[in-house]
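Single-letter residue listing:
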Amino acid sequence: MPIDRCYCYQQTFATLKEVADETGAASVEALQEHVRFGQNCELCHPYVRRMLATGQTSFDEVIRAEDNSAEA
Ligand code: FES
């Protein structure tokens, strides 16, 4: 099953990407100023960072925080 959303807040990465595109938000924190997600388990944060960096909104692999700590 692809990973395509913040499960705690049921926000898809596609929706979050739309908000990022509209607002210019370029980090998890900046995006959280516009839409509610990622304030519980935070497991979605590395995926959102990858989405912001690459535009990808659905993931088949597990991404841990340390895998992309160099990204925004
Ligand atoms: S999946 Fe996003 S806060 Fe838990």
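Definitions and cut-offs
Residues numbered from 1 in each chain as written. Predicted model: local features only at pLDDT ≥ 70, side-chain atom pairs only at ≥ 80, totals over all residues. Core = buried A, V, L, I, M, F, W, Y, C linked by C-beta atoms within 7 Å. Buried ≥ 20, exposed ≤ 12 C-beta atoms within 10 Å, placed from the backbone. Helix = DSSP H or I, 4+ residues; strand = E, 2+ residues; numbered from the N terminus. Contact = placed C-beta atoms within 7 Å.

A. Structural context of the nonpolar core. In this structure, Cys 6, Phe 13, Leu 16, Ala 20, Val 28, Leu 31, Phe 37, Cys 44, Tyr 47, Val 48, Met 51 and Leu 52 together form the largest nonpolar core, which totals 12 residues. Among the elements of the structure, α1 (13–23), α2 (28–32) and α3 (45–54) are those that each provide at least two residues to this core. Tallying contributions element by element places α3 first for this core, with 4 residues. With sequence-adjacent residues up to four places away left out, Leu 16 is seen in contact with Gln 11, Leu 31, Val 35, Phe 37, Val 48 and Met 51.

B. Up close: the environment of His 45. Mapped onto the secondary structure, His 45 falls in helix α3. Taking C-alpha positions, His 45 is 9.4 Å from Ile 63, a pair spaced 18 residues apart along the chain.

C. Representation of α3 within the structure. Taken across its 10 residues, α3 has 7 buried, putting it largely inside the fold. Listed in full, the buried residues belonging to α3 are Pro 46, Tyr 47, Val 48, Arg 49, Arg 50, Met 51 and Leu 52. On its buried face, α3 sits against α1 and α2. One or two residues past the end of α3 sits Gly 55, with phi positive at roughly 85°.

D. Structural detail: unusual backbone geometry. If you check the backbone angles, Gln 10 has positive phi at about 50° while not being a glycine. Inspection of the secondary structure assignment puts Gln 10 in the loop between β1 (5–6) and β2 (11–12). Residue Gln 10 is classed as exposed on the basis of its C-beta count, with 9 C-beta atoms lying within 10 Å. Unlike most non-glycine residues, Glu 42 shows phi in positive territory, near 65°. Relative to the elements of secondary structure, Glu 42 occurs in the loop between α2 and α3.

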